[in-house]
Structure formats: C-alpha cells, structure tokens
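So the chains spell out like this:
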Amino acid sequence: MPTMLNRRMLDLAGIEVPVVEAAGSGHGPKLTVIAGVHGCEYASMAAVRQWSAGLSGLDLRGSVRAVPVLNLPAFLARSPFVVPEDGKNLNRCFPGDPDGTLADRLAHATFTQLIAASDALIDAHCGDLPEALEPFTLYEAGPAEDQALALALAYGLGYVIRQEQGPGRAVGGPPSAAAAAVGIPAITAEAGGCGLVEQAAIDLHVRGLDRVLAALGMIDGPAANEGEAGTQGPARSETAPESAPTMLSRFIWLRCDNAGWWEPAVRPGDTVAEGQLLGTVTSIDGGAVMQSITAPVAGVPMFITSSPAVEADGLLLGLGAR
C-alpha cells in the first residue's frame, strides 16, 4: 500500500514544531530525521522538506519521522548557532534537561519524544551563516558503532569521520552522541554552507537520505527523490558511495587567541601538511599580524569560518585527520 504522509505539530518544550510522518504498510525500522538544529543551516532544512514530501506514495517498510526545522526560535530570528532566548548552542545540549533554559528543555523534549524510541537517527546539517564546508559525515562510536558506520557510508559523502565518546571528541552534546549513548545508530551529515540554499547541497542530502532508507531495508527498488538535480523522480537505491570515502578518525577544531580579522589561506577540502599555514588573524586596522594559524597535523579542513570577523577564542576551522 502506498505511504501516506501525516503532517502535524509536535509540542517540544512549548514550541509547536512541524513534523512529517510516514508509516509504511510493512514492518521495519523507525527512522528519525532532523534538520535545523542550527537556525540558519538552510540547505539541510530544504533537503529534509523535499525528501519528506517525496515519501508520499512510496512502498515503505517501517516508519519515518522528519523534522525539517527543529530550532524554530533561531530560524525565525535568523540566529546562527544559538537559541536567541538563552544564547546556548542547541547542538551542545543533548540529551537535555527538563529544568534548564529553553535550549536544554528543547533538547530534552526532542530526545524523549523523537529520538529515544528510534531505531536510527539522521541529523542533517550544513555550514551555518559564516561557515564554508566540505561535505562529510560523522558517525558515533559506541554500542551501535557498526550500524552507524554503515549509515555513514550509505549517505555517500566524500569524507567520513569517527566521533569518539568522551574527552577525545571535538565537542559534546549533539543529538547523535545522545542517541549513540543509548545504543541508537546515529550520524550527522553535513553538506552546504554560508546560509545558502544551493541545489547541489540539497541533492547530496536527498540522495543520502534515500540511500539510508535502502541501507535500513525500508525500501527496495527506486527510492523517493533521487532523480536529476532539482527534480523529484525515480532514484537509484544503491547504498554505497560511487567511490570510497576518505575515512578520518580525528576532528580538530582550531581557535584564535584574540579578536580580529580572520583571513584563511586554504579552502575546505584542501589537503594540508603538518605545519602548513592555514590563515592569519590580523588587527582590525590591518597593521599587525596577531596570530598565524598552522596545521597541528596533516589533514583536510572540513569547515572554515568564512567571515573575517572573529572574537577572542573564536572558532576558525575544523580539521579532519587520520
């Protein structure tokens, strides 16, 4: 029986968040897909909107819950990175706190009402307003690591990074880490950036989500959306990337000491050597180089802050390395 969509509002910490649900006619996994954890990551939001609409009429096994824009307060305020009401980064707050500020409560409600009962979680992202990005997927170490790796490979992006639990990881508190801690296979997929709604990035996410459906056994034959760029048509259902991704095991985030004018010397996706100049932070008047940023190890910049404006201890780039 063809899948019908149910569109409804879900109360998450007092915020009415749109959810698209698709229940298949056969038994299968419960897949949760979220986007918009950050309010200005538009390409991934657009992709989940397009992909979830394409589930209608699909012969689906199992069920899908898709949230195109989770962090509505940040989206409506055009606020990059943080929830405007409390200044917290929602992507650092999971599994949340029901007695905390809005970001904590939203994370808790999302975890308990959407993530905890899932068999798999896909958290779709892209570079926020001041971030240029090379497409990559993060998968979480832990009890469900093998299944998470399979999902990351199925998504089909060019780089795959293993995220350790605990002090070895770049940052704590994302939805995928909270899911992995309770044994749910989870990945974070990144494509697009700089606050742009670019079809090429949307297509990467839509194709990746289709391939995840196939990898989970929720479809066989053509998937929901993977036709020509910008169209919704028949899709291939292969679950492996067209070429093997580069596997990385470290994700090193580099910051500046002082506020100033940031000028990168490399681009996302470049191969850099240990000790290579990655960029400089200069004084606002241009009279002094305050800091030269060099690569601590050989690797590839996964994202780079594209804005010249940086604060003290400001994030400059994320370096993927073996």
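Just so it is clear, the model here is predicted, and its values are computed rather than measured.

> So what's going on with the overall build of the protein? Residues and values would help.
Broken down by element type, the protein carries six helices and 17 strands. For the protein, the C-alpha radius of gyration of 19 Å lies close to 20 Å, the compact-globule estimate for 322 residues. Overall, the C-alpha framework of the protein stretches about 70 × 45 × 35 Å when taken along its three principal axes. A separation of at least 24 residues holds for 69% of the contacts in the protein among residues at least 6 apart in sequence. In the form shown here, the protein has an accessible surface area of approximately 12,900 Å², with 53% of it arising from carbon and sulfur atoms. Of note, the protein has its 19 positive side-chain charges centred 4 Å away from the centre of its 35 negative side-chain charges.

> Account for the pairing of strand β9 (residues 186–190), naming residues and giving values.
Summarising burial for β9: five of the five residues are buried, a large majority. Going residue by residue along β9, you find Ala186, Thr188 and Glu190 tucked away on one face and Ile187 and Ala189 tucked away on the opposite face as well. In this sheet, β9 lies alongside strand β5 (residues 120–125) in parallel orientation, the contact comprising five bridges. Counted as the bridge partner of Leu121 is Ala186 from β9.

> Account for the side chain of Ser52, with residues named and values stated.
Here Ser52 shows up in helix α1 (residues 42–53). Of note is the side chain of Ser52, whose polar atom sits 2.8 Å from the backbone oxygen of Val48. Aside from chain neighbours lying at most four places away, what touches Ser52 is Leu5, Val20 and Ala66.

> With reference to specific residues and values, describe the packing of aromatic side chains.
The geometry of an aromatic ring pair is captured by two quantities: the separation of the ring centres and the angle between the planes. Inspection of the entire model under this criterion finds five aromatic pairs. Here the aromatic rings of Phe251 and Trp253 are separated by 5.8 Å at their centres, their planes lie at 85°, and the arrangement is edge-to-face. Since its relative accessible area comes to 9%, Phe251 is described here as buried. For Trp253, a relative accessible area of 22% puts it in the partly exposed group. Here the aromatic rings of Trp253 and Phe303 are separated by 5.2 Å at their centres, their planes lie at 80°, and the arrangement is edge-to-face. With Trp253 in strand β11 (residues 250–255) and Phe303 in strand β15 (residues 300–305), this pair connects stretches of sequence that are 50 residues apart. Judged by its relative accessible area of 5%, Phe303 falls in the buried class. Site record: aromatic cluster; members linked through ring pairs are Phe136, Phe251, Trp253 and Phe303.

> An account of α1 is needed here, citing residue identities and associated values.
Spanning 12 residues, α1 covers 17 Å between terminal C-alpha atoms, matching the ideal 16 Å at 1.5 Å per step. For α1, a buried count of 10 out of 12 residues is recorded, marking the element as mostly surrounded by other parts of the structure. Along α1, the residues that are buried comprise Tyr42, Ala43, Ser44, Met45, Ala46, Ala47, Val48, Gln50, Trp51 and Ser52.

> Account for the sheet that holds strand β13 (residues 277–282), with residues named and values stated.
Judged by pairing direction, the sheet is antiparallel, and its four strands sit side by side in the order β14-β13-β12-β16 without closing on themselves. Of all strands in the sheet, those with a lone pairing partner are β14 (289–294) and β16 (309–310), marking the two edges. Pairing analysis gives two bridges linking strand β12 (residues 260–264) to β16, with the strands arranged antiparallel. Directly across from Trp261, in β16, lies its bridge partner Ala309.

> Mind laying out unusual backbone geometry, listing which residues take part and the relevant values?
A negative phi holds for most residues other than glycine; trans holds for most peptide bonds. A cis amide bond links Phe94 to the next residue, Pro95, at an omega of 5°. Take Pro95: it is sitting in the loop between α2 (72–77) and α3 (102–115). In the Ramachandran plot, Cys194 falls in the positive-phi region, its phi being about 60° despite a non-glycine side chain. Take Cys194: it is sitting in the loop between β9 and α6 (199–215).

> Before we move on, could you go through the packing of α1 against α6 and cite the residues and values that matter?
Look at α1 against α6: their axes get within 8 Å of each other, and the N-to-C directions meet at 50°. Comparing the axis directions of α1 and α6 gives the class oblique. In this structure, α1 crosses over α6, and the sense of that crossing is right-handed. On α6, the residues touching Ala43, Ser44, Ala46, Ala47, Val48, Gln50 and Trp51 of α1 are Gln199, Ala201, Ile202, His205, Val206, Leu209, Asp210 and Leu213. A per-class count over the contact of α1 with α6 returns 10 nonpolar, four polar and one charged.

Reading guide: rules and limits
- Residues numbered from 1 in each chain as written.
- Predicted model: local features only at pLDDT ≥ 70, side-chain atom pairs only at ≥ 80, totals over all residues.
- Heavy atoms only, no water.
- Helix = DSSP H or I, 4+ residues; strand = E, 2+ residues; numbered from the N terminus.
- Rg over C-alpha atoms; globule rule 2.2 N^0.38 Å.
- Contact = heavy atoms within 4.5 Å.
- Areas by Shrake-Rupley, 256 points an atom, 1.4 Å probe, with all protein chains shown as cover.
- Lys, Arg positive; Asp, Glu negative; His and termini not counted.
- Charge placed at Lys NZ, Arg CZ, Asp CG, Glu CD.
- Buried < 20%, exposed > 50% of the residue type's maximum accessible area, 1.4 Å probe, protein only.
- Pairing = 2+ DSSP bridges.
- Polar contact = N/O pair within 3.5 Å; in protein donor to acceptor, adjacent residues only side chain to side chain.
- Phe/Tyr/Trp six-rings, centres within 6.5 Å; stacked < 30°, edge-to-face > 60°.
- Expected span 1.5 Å × (residues − 1).
- Axes fitted to C-alpha atoms, helices over the stretch in contact; angles between N-to-C directions.
- Parallel < 35°, antiparallel > 145°, perpendicular 65-115°, else oblique.
- Left-handed = near helix turned anticlockwise from the far one by under 90°.
- Nonpolar A, V, L, I, M, F, W, Y, C, P; charged D, E, K, R; others polar.

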